[in-house]
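A structural walkthrough
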Amino acid sequence: MFKKPLADVKTSAPLRSSDRRKLRTRILQTYPVLQPEDGDALVPDGLQSQKFSTHLDDPGVVYLSPEGDPLWFTLGKGSEELIPTVYTSWKRPDLLPFLSTPAPVVPKLIGGADLMIPGVIQHSPSLVPEQLVSITQYHRDALGPPLAVGRMAVSSDTLRSADETDVKGKAVYVLHTWKDALWDMGPSKKADPPAPRPVQAASEGEQLQPSGSADSEQDGKTGEAASPSAPDIASDVVPAAAGDGTAAPDENGPPSATLTPEDVSDCLRSALLQAIGMSLDGVPPSTFPISASTFWSSYVLPARPAQALTASGLIDASAVDVKHSTFKNVKSFLKASAKEGLLKLKETKGDVVVTAVYPKHPAVAGKRPHRTIGELEAKAKKAESREQQEKEAEEKRKGEIQVAELWLPLGTTVPLFVAAEKDTSDMYTIADIKTILNDYVTARGLINANDPQYINVGSDQPLAIAVSVKGEDTPDFMKRDEVLKRVRAHMQTWHEIRVEGRDVVRKKGEIKPISVVVKIRQGRKACTLVTGYEPFGLQADDLAEELRKMCASSTAVSPVHGKPNSLEVMVQGKQIKSVTDLLMARGVPKKWIQAEDQSNKKK
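Along each chain, residue indices are assigned from 1 in the same order as the chain's sequence is written. Residue-level local features of this predicted model are given only where pLDDT is at least 70; pairs of side-chain atoms are given and counted only at 80 or more, and the full residue set underlies all totals for whole chains, interfaces and linings. Only hydrogens and water are removed before side-chain values are computed, so all heavy atoms of the structure are retained for them.

1. What to know about unusual backbone geometry
- Here the bond from Phe288 into Pro289 is cis, since omega is 0°, no more than 30 degrees from zero.
- Tracing the chain through its elements places Pro289 in the loop between α7 (261-279) and β15 (290-291).
- Phi at Ser126 takes a positive value of approximately 55°, unusual for a residue other than glycine.
- Only DSSP runs of H or I with at least four residues qualify as helices, and only runs of E with at least two residues qualify as strands; both kinds are numbered from the N terminus onward. Tracing the backbone through its elements, the reader meets Ser126 in the loop between β8 (122-123) and β9 (132-139).
- Categorising residues by exposure relies on relative accessible area from a 1.4 Å probe, with only protein chains included: less than 20% of the type maximum marks a residue as buried, more than 50% marks it as exposed, and the intermediate range marks it as partly exposed. For Ser126, a relative accessible area of 59% puts it in the exposed group.

Written out as structure tokens, the structure reads:
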């Protein structure tokens, strides 16, 4: 939203005391987590307001501290929703529910990308679409400071079921980030983010939930450390990223509890049970024998639980290394597991190889699946890959000409928009008109009781006037699609063209696709004719010169018969593909290129 400098920024003006008090009251009502004493810190004396427009022409108001740091902002014409900036979120990290994402994703967000579902590692519970949230960088055993503010695109239920249902798409529509154009308005723009807070310091609204995992699996288990043959102790309450084999806390966080040798042994046993029951169940016999090192690195380590329940509480189980267990090495661990009947080993040249595993062993059959480190690593890589793909796709879209068809209320449609309480001076897309019409007929109870596809237009005067046709009696009811078609037909047609780095162009009338036609001229010579490119900001001479080089053919520019302001670009030969490729390279969307080969048509 603010990845480009703000446009049309007005001079800031001090807020009157009465307006500041009203603003303070609104904020305290909107954000119940705040106490009355917080109001003066977040809405201080000397607050200033400043109007602006984004690079997308969205109007807004930003409220600045006496020092000039943006604290709150609104977006949209007439919007009164007060959105906290990252500056404000640093003062009160618990102001908004949060989602955490891996470190590689953060630069993508700052660059203007939205947060995708695979990029979510943790999130607050009970999130709903359109809810304001903050986005933090994931830290083990700590909560990072908010680095972005956005609006939920899906619910927390969708996030939790993402792995099972393979849901893709956007999780958060990002509105504002650290280091974007809004952030840069403040004199404190060079400030570094605060240190991560310990998880224990999280408020009730910040309790962690896993993304794409089940609910807590503690189910009344005690906090006592289990023996190697004890039931599974893995828990996926808070999934975490894989560590480096140590139990060291975050550099800026508090000391975290460490895993005892018994805890490490229990975690490794849990990983082995899950690997046998899930990864190795049903593999062909030809898979074996497997060397101890391959078995360990490919099956056991990825199956380590993300969290473990110990006597000290929930501990990050990614800090698991066999050297810190009671077994001290892989060979001893595998021998103990073989003695328990979980697998079969064979001694060879002083080492061991795994020749079989037993998925039907009672300990394996009774194992409850847990969230594994391998799953988290795969999810983080998937998120990074998807973000990279999104970035590449966005790079391809950069410079693409954005074409929008718009309609302005006119004549008989004006009363309808007035009755719907819409601005008759604004222009609307087809989707806007459809939404306005649906809301209008629903609010006024105009949906036909016998068939919802029909609307009772005769019983509502503004709607009847909007769909009426001269010389024809207006029917009592009409199909919804026909109503939309008539309303749109009675509005004034406009079009809008946006090109990065240029001013937005709005013109009256319908825009037509660029015509690329192959015809036979002068007997048997085929040539390709290009017309209608002028509205897209393209020049005839430039196109002719580029096509001459690209096609290695002669080109010419001539007036279009009957259209004094239009020029036709001709290139010899059947060059539809080359012309289409050139137009798309110049930013013209493919849907606005109409190609036809008329060379084989009979006269």
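Alright, that's what it looks like, and here's the rest.
2. A closer look at helix α8 (residues 292-300)
- Within the sequence span of α8, burial applies to Ala292, Phe295, Trp296 and Val300. For α8, the buried positions fall inside an angular range of 95° around the axis, keeping them on one side.
- Contacts are residue-level and defined by heavy atoms, with any inter-residue pair within 4.5 Å sufficient. Packed against the buried residues of α8 are α7, β15, α9 (330-340), β18 (343-348) and β19 (351-357). This arc is built from the directions going out from the helix axis to the C-beta atoms.

3. Here's the deal with the pattern of salt bridges
- Each salt bridge in this description consists of a side-chain nitrogen of Lys or Arg and a carboxyl oxygen of Asp or Glu lying within 4 Å of one another. Following the criterion strictly, the structure yields 21 salt bridges and no others.
- Residue Asp40 is joined to Arg24 by a salt bridge in which the shortest nitrogen-to-oxygen separation is 3.3 Å. Linking Asp40 in helix α2 (residues 38-42) with Arg24 in helix α1 (residues 17-30), this pair joins segments that are 16 residues apart in sequence.
- For Asp40, a relative accessible area of 45% corresponds to the partly exposed category.
- Sharing partners across several salt bridges, the network here consists of Asp38, Arg92 and Asp94.

4. Things to note about the nonpolar core
- Counting 29 residues, the largest nonpolar core has Leu272, Phe295, Phe333, Leu334 and Val357 as the members making the most contacts within it.
- If you list the elements that add at least two residues to this core, you get α7, α8, α9 and β19.
- The biggest single contributor to this core is α7, with eight residues.
- For this analysis, a nonpolar core means a set of buried residues of the types Ala, Val, Leu, Ile, Met, Phe, Trp, Tyr and Cys, connected via side-chain atoms within 4.5 Å. Within the second largest apolar cluster, 27 residues are counted, among which are Phe52, Leu64, Phe73 and Ala181.

5. Quick notes on the sheet that holds strand β20 (residues 402-408)
- In this analysis, strands are considered paired if DSSP registers two or more bridges between them. The antiparallel open sheet is built from three strands, whose spatial order is β20-β23-β24. Where the open sheet ends on each side, the last strands, each with one partner, are β20 and β24 (505-508). Neighbour-to-neighbour, the strand axes of the sheet open up by a mean angle of 25°, direction not taken into account. A fitted line through C-alpha atoms serves as each axis, taken over the contacting stretch for helices, and the angle formed by two N-to-C directions is quoted from 0 to 180°.

6. Description of the pairing of strand β28 (residues 563-572)
- Pairing of strand β26 (residues 525-531) with β28, which is carried by four bridges, proceeds in the antiparallel orientation. By the bridge assignment, Leu529 is partnered in β28 with Met570.
- Judged from the six bridges that link them, strand β27 (residues 555-560) and β28 form a sheet pairing that is antiparallel. By the bridge assignment, Ala556 is partnered in β28 with Met570.
- What sits between β27 and β28 in their antiparallel hairpin is a turn of two residues, with Gly562 showing a positive phi close to 85°.

7. Description of the side chain of His495
- Locating His495 in the fold gives a position in strand β23 (residues 492-498).
- In protein, a polar contact means a hydrogen-donor-capable atom and an acceptor-capable atom, both N or O and within 3.5 Å, with residues adjacent in sequence counting only if both atoms are side-chain atoms; elsewhere, any N or O pair within 3.5 Å suffices. Here Gly509 takes part through its backbone oxygen, which lies 2.9 Å from a polar atom of the side chain of His495.
- The contacts of His495, once residues within four sequence positions are left out, are Ala404, Leu406, Val505, Arg506, Lys507, Lys508, Gly509, Glu510 and Ile511.

8. Considering the sheet that holds strand β3 (residues 59-64)
- With respect to topology, five strands assemble into an open sheet ordered β1-β2-β3-β4-β5, the strand pairing being antiparallel. Sheet topology places β1 (13-14) and β5 (83-84) at the edges, where each strand pairs with a single neighbour.
- By the bridge criterion, six bridges tie strand β2 (residues 48-53) to β3 in an arrangement that is antiparallel. Among the inter-strand pairings, Phe52 is bridged to a residue of β3, identified as Gly60.

9. Considering the packing of aromatic side chains
- Pairing of aromatic rings covers Phe, Tyr and the six-membered ring of Trp, with a centre-to-centre limit of 6.5 Å; geometry is then stacked below 30 degrees between planes, edge-to-face above 60, and tilted otherwise. On inspection of all chains with the given rule, the structure shows ten aromatic pairs.
- On the numbers, 5.3 Å between centres and 85° between planes, the contact of Phe327 with Phe333 is edge-to-face.
- On the basis of relative accessibility, which here comes to 2%, the residue Phe333 falls in the buried class.
- Ring-pair connections join several aromatic residues into one group, and the members of that group are Phe2, Phe52 and Phe73.

10. Focus: the packing of α7 against α8
- The geometry of α7 relative to α8 is characterised by a closest axis approach of 10 Å and an angle of 85° between their N-to-C directions. The angle between α7 and α8 falls in the class roughly perpendicular. On the side of α7, the interface is formed by Leu268, Ala271, Leu272, Ala275 and Ser279, while α8 contributes Phe295, Trp296, Tyr299 and Val300.
- In this count, Pro and Cys sit with the nonpolar residues alongside Ala, Val, Leu, Ile, Met, Phe, Trp and Tyr, while Asp, Glu, Lys and Arg are called charged and the others, Gly among them, polar. Taken together, the residues of the contact of α7 with α8 sort by class into eight nonpolar, one polar and no charged. Working rule for angles: under 35 degrees goes down as roughly parallel, over 145 as roughly antiparallel, 65 to 115 as roughly perpendicular, anything else as oblique.

11. What about α7?
- Expected helix span is computed as 1.5 Å times (number of residues minus one). The first and last C-alpha atoms of α7 sit 26 Å apart over 19 residues, in line with the 27 Å expected at 1.5 Å per residue.
- Of all 19 residues in α7, 14 are buried, a share of seventy percent or more.

12. With respect to the side chain of Ser337
- Inspection of the secondary structure assignment puts Ser337 in helix α9.
- Not counting residues up to four positions away in its chain, the partners in contact with Ser337 are Leu272, Leu342 and Leu343.

13. Considering the environment of Thr85
- Along the chain, Thr85 falls in the loop between β5 and α3 (86-91).
- Exposure remark for Thr85: the relative accessible area of 0% places this residue in the buried category.
- Placed 90 residues apart in sequence, Thr85 and Leu175 show a C-alpha to C-alpha distance of 9.5 Å.
- When neighbours within four sequence positions are excluded, Thr85 is seen to be in contact with Pro70, Leu71, Trp72, Phe73, Val149, His176 and Leu182.

14. Observations concerning the packing of α7 against α9
- Look at α7 against α9: their axes get within 12 Å of each other, and the N-to-C directions meet at 60°. As far as their axial angle goes, α9 and α7 are oblique. Crossing angle aside, the handedness with which α7 passes α9 is right-handed. Residues Leu268, Arg269 and Leu272 of α7 touch α9, and the partners they reach there are Phe333, Ser337 and Glu340.
- Each residue belonging to the contact of α7 with α9 can be placed in one class, and the counts come to three nonpolar, one polar and two charged. In this scheme the crossing of two helices becomes right-handed for a clockwise turn of the near helix relative to the far one and left-handed for an anticlockwise turn of less than a right angle.

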